[in-house]
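Here is what each chain is made of, one letter per residue.
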Amino acid sequence: MGQRGGGRGQRRDRRDDGDELIEKVVDINRVAKVVKGGRRFSFTAIVVVGDGKGRVGFGFGRANEVPEAIRKGGVIARRSMFTVAMNGTTIAHDQLATFKASKVVLRAASPGTGLIAGGPARAVLEATGITDVLTKSLGSNNALNVVRATIEGLRALRDPKQVVARRHRLAEEQAERLEQQRAQAAARARQAASAAAAPAAAAPAGAGA
């Protein structure tokens, strides 16, 4: 019964020194399944794992005991880690993230602003290593949905320099394709002109014979 006393909404922070990862338990919930002869209880855990340097992931674990649910969530979170586009201590740009009924607004902030976030979104941003950001959670406050919305928002961030470089590369490729098309069209026009001129040049010689 001691494990069930944790209840819903308890958050536990733990640093895994083995691989320098920060593990945060965002939510633990007890669920019951009605079966023949009574109810069968199990636990779910939402776990966020990050390295504090721009990489983060989350996992949803389910087991009959709390420690096992946390362990499963941590394993899933480690497998799903990705790199977040950052600008110093904040995010690369503003972002509106949506997952089901939850919406999370992420706004880049200047150094010294601090981490203005609460609940599940704060755990995700702390694990990522973002220390200056403004956030606002809209819609549903379901912990899983808010975490997933925050994760999707961070995943959608793009480095502005990389975006500009990609656009320049696409523009250059488009210009090269247009130049090739013009060269091919000119070559076809010359071939058509040569084909039209050949019978005209052969006609006088045939008439003289």
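This one's a predicted model, so the numbers in the text were calculated from it and none came from an experiment. (Residues numbered from 1 in each chain as written. Predicted model: local features only at pLDDT ≥ 70, side-chain atom pairs only at ≥ 80, totals over all residues. Heavy atoms only, no water.)

### Structural notes on the sheet that holds strand β11 (residues 133-139)
Phase 1: The four strands are arranged β8-β9-β11-β10 in an open sheet whose pairing can be described as mixed. Whereas interior strands pair on both sides, the edge strands pair on one side only; in this sheet they are β8 (95-99) and β10 (115-116).
Phase 2: Examined bridge by bridge, strand β9 (residues 102-108) and β11 share seven bridges and lie antiparallel to one another. Its bridge partner lying in β11, Ser102 is registered against Gly139.
Phase 3: Where helix α3 (residues 143-155) meets the sheet, its contacts fall on β8, β9 and β11, and the angle it forms with β9 comes to roughly 40 degrees. (Pairing = 2+ DSSP bridges. Helix = DSSP H or I, 4+ residues; strand = E, 2+ residues; numbered from the N terminus. Contact = heavy atoms within 4.5 Å. Axes fitted to C-alpha atoms, helices over the stretch in contact; angles between N-to-C directions.)

### Quick look at the pattern of salt bridges
Phase 1: Applying the stated rule across the entire model yields six salt bridges.
Phase 2: Here Lys24 and Glu126 are joined by a salt bridge, their closest N and O atoms 3.0 Å apart. Taken together, the residues span a long stretch of sequence, with Lys24 in strand β2 (residues 21-35) and Glu126 in helix α2 (residues 120-128) at a distance of 102 residues.
Phase 3: Its relative accessible area of 6% is what places Lys24 among the buried residues.
Phase 4: Here Glu126 ties to Arg122 by a salt bridge, and the two come within 3.0 Å at their closest N and O atoms. Here Arg122 and Glu126 lie together in helix α2, a separation of four residues that amounts to about one turn. (Salt bridge = Lys/Arg side-chain N within 4 Å of Asp/Glu carboxyl O. Buried < 20%, exposed > 50% of the residue type's maximum accessible area, 1.4 Å probe, protein only.)

### Overview of the pairing of β8
Phase 1: Burial along β8 is one-sided: Gln95, Ala97 and Phe99 are buried, and none of Leu96 and Thr98, which face the opposite way, are.
Phase 2: Relative to β9, β8 is paired through five bridges, and the arrangement is antiparallel. Across the sheet, Ala97 pairs through a bridge with Val104, a residue of β9.
Phase 3: Count of turn residues in the β8/β9 antiparallel hairpin: two residues, of which Lys100 carries a positive phi of about 55 degrees.

### A short note on the nonpolar core
Phase 1: Core analysis: the largest hydrophobic core is formed by 29 residues, its most contacted members being Val48, Val56, Val147 and Leu154.
Phase 2: Within the residue set of this core, elements represented by two or more residues are β3 (38-50), β4 (55-63), β9, α2 and α3.
Phase 3: Excluding residues within four positions of it along the chain, Val147 makes contact with Val26, Ile46, Val48, Phe58, Pro120 and Val124.
Phase 4: Formed by 13 residues, the second largest nonpolar core is a distinct cluster that contains Phe43, Val47, Val49 and Val66. (Core = buried A, V, L, I, M, F, W, Y, C linked by side-chain atoms within 4.5 Å.)

### Regarding unusual backbone geometry
Glycine aside, residues mostly have negative phi, and peptide bonds are mostly found in the trans state.
Phase 1: Phi angles above zero are rare outside glycine, and Lys100 is one such case at about 55 degrees.
Phase 2: The exposure class of Lys100 is exposed, given its relative accessible area of 68%.

### Brief notes about the side chain of Asp51
Phase 1: Looking at where Asp51 falls in the secondary structure, it is placed in the loop between β3 and β4.
Phase 2: Buried charge without a salt bridge: Asp51, with Arg55 as the nearest opposite-charge side chain at an N-O distance of 4.7 Å.
Phase 3: A polar side-chain atom of Asp51 sits 2.9 Å from the main-chain amide nitrogen of Lys53.
Phase 4: In terms of polar contacts, Asp51 uses its side chain to reach the backbone amide nitrogen of Arg55, at 3.0 Å.
Phase 5: Sequence-distant contacts of Asp51, defined by excluding residues within four places in its chain, comprise Glu20, Leu21, Met81, Ala127 and Thr128. (Lys, Arg positive; Asp, Glu negative; His and termini not counted. Polar contact = N/O pair within 3.5 Å; in protein donor to acceptor, adjacent residues only side chain to side chain.)

Treat this as a map of the structure, not an account of what it does.
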